[in-house]
Amino acid sequence: MSAAASQNQYSLFSTCLAVVRTAIFYSCLAVWTIFWSVLMILLISFLPFRQRHQLFVKPWAIVAVYLCRFICGISWKVTGRENIPAEPCVVISNHQSAWEAFFLQTLLTPQTQVIKQEILNIPFYGWAFRKIKPIAIDRKDVRLALQQVREQGKAALEHRVWVLIFPEGTRTLPGEPRKFSRGGAGLAKAAETDILPIAHNSGSFWPSRGFLKRPGTIQVEVGNVIKTESLSVAEANDQARNTIAESLNRFYATK
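Notes on the structure in this doc start here. (Residues numbered from 1 in each chain as written. Predicted model: local features only at pLDDT ≥ 70, side-chain atom pairs only at ≥ 80, totals over all residues. Heavy atoms only, no water.)

**A look at the sheet that holds strand β7 (residues 216-222)**
Turning to step 1, where the next piece is worked out: With respect to topology, 7 strands assemble into an open sheet ordered β1-β7-β6-β2-β5-β3-β4, the strand pairing being mixed. Both edges of this open sheet fall to β1 (74-79) and β4 (135-137), since each of them pairs with a single strand only. Adjacent strand axes in the sheet meet at a mean angle of 20°, parallel and antiparallel pairs treated alike.
Turning to step 2, where the next piece is worked out: As defined by bridge partners, strand β3 (residues 111-116) adjoins strand β5 (residues 162-165) across 3 bridges and the pair is classed as parallel. (Pairing = 2+ DSSP bridges. Helix = DSSP H or I, 4+ residues; strand = E, 2+ residues; numbered from the N terminus. Axes fitted to C-alpha atoms, helices over the stretch in contact; angles between N-to-C directions.)

Listed below in structure tokens is the structure:
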């Protein structure tokens, strides 16, 4: 058998294995999500609000990322944990896949997240997710969305809750982040708090377009806190984007 034929056979085998692994992962995730969401729908209203994320979302997310690790072979490495401040602030991250939406819930708690309004309509999970009062926006109404982020985000920060924002608005392909909306920076300025930038390359292993998951190690880098006191909204936003872009450049330069 020629080397080319052997390579083609190996590639076909790898693809088939990835299909099986990914299908098993999504099946397990669906069962876990339904079970945990039903349990939380029944119990979460009896929990103090600040404990709801820690006792509902964080355990669900931990199981989700570990299912992905053990079934699909996607692990992670975090650098810069020492940069996480003691007091909650605005967290700005690039967005390449669903993985970071899971993982960042395990890193910072209690937390609220800016999400698409439609997520709250997802059976079981969305219904339970309503109970932790995420900042659910209608992206078609930009002005109203910015107002919601500022008002609800500021209220969360006043109650010492982290606010996670993906300023690209949607998942992007691996590489440098595209234009950031100023909602996160505007919230930080309005709430007189700082910005914690977080970069990752999850899209290299969990593509935003496509079903299959590829084994590998996702790099997550927590950047230095951006002090917004002396910055304008535009300057704070640019600094967050540049920090994340520099991290991404390092990730892809070492591939």
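Now that the structure has been shown, we can carry on.
**What about the pairing of strand β2 (residues 90-93)?**
Across a regular strand the side chains alternate sides, sitting on one face of the sheet and then on the other.
Turning to step 1, where the next piece is worked out: Alternating positions in β2 separate into two faces, V90 and I92 on one and V91 and S93 on the other, with burial throughout.
Turning to step 2, where the next piece is worked out: Judged from the 3 bridges that link them, β2 and β5 form a sheet pairing that is parallel. The residue bridging V90 from the neighbouring strand is V163, located in β5.
Turning to step 3, where the next piece is worked out: As judged from the 4 bridges shared by β2 and strand β6 (residues 195-200), these two strands associate in the parallel manner. Of the residues in β6, the one forming a bridge with S93 is I198. (Buried < 20%, exposed > 50% of the residue type's maximum accessible area, 1.4 Å probe, protein only.)

**Structural notes on the environment of Q54**
Turning to step 1, where the next piece is worked out: Assignment of secondary structure puts Q54 in helix α2 (residues 49-72).
Turning to step 2, where the next piece is worked out: The spacing of Q54 and Q111 is 57 residues in sequence and 8.3 Å in space, taken between C-alpha atoms.
Turning to step 3, where the next piece is worked out: Among residues more than four places away in sequence, those in contact with Q54 are P59 and T109. (Contact = heavy atoms within 4.5 Å.)

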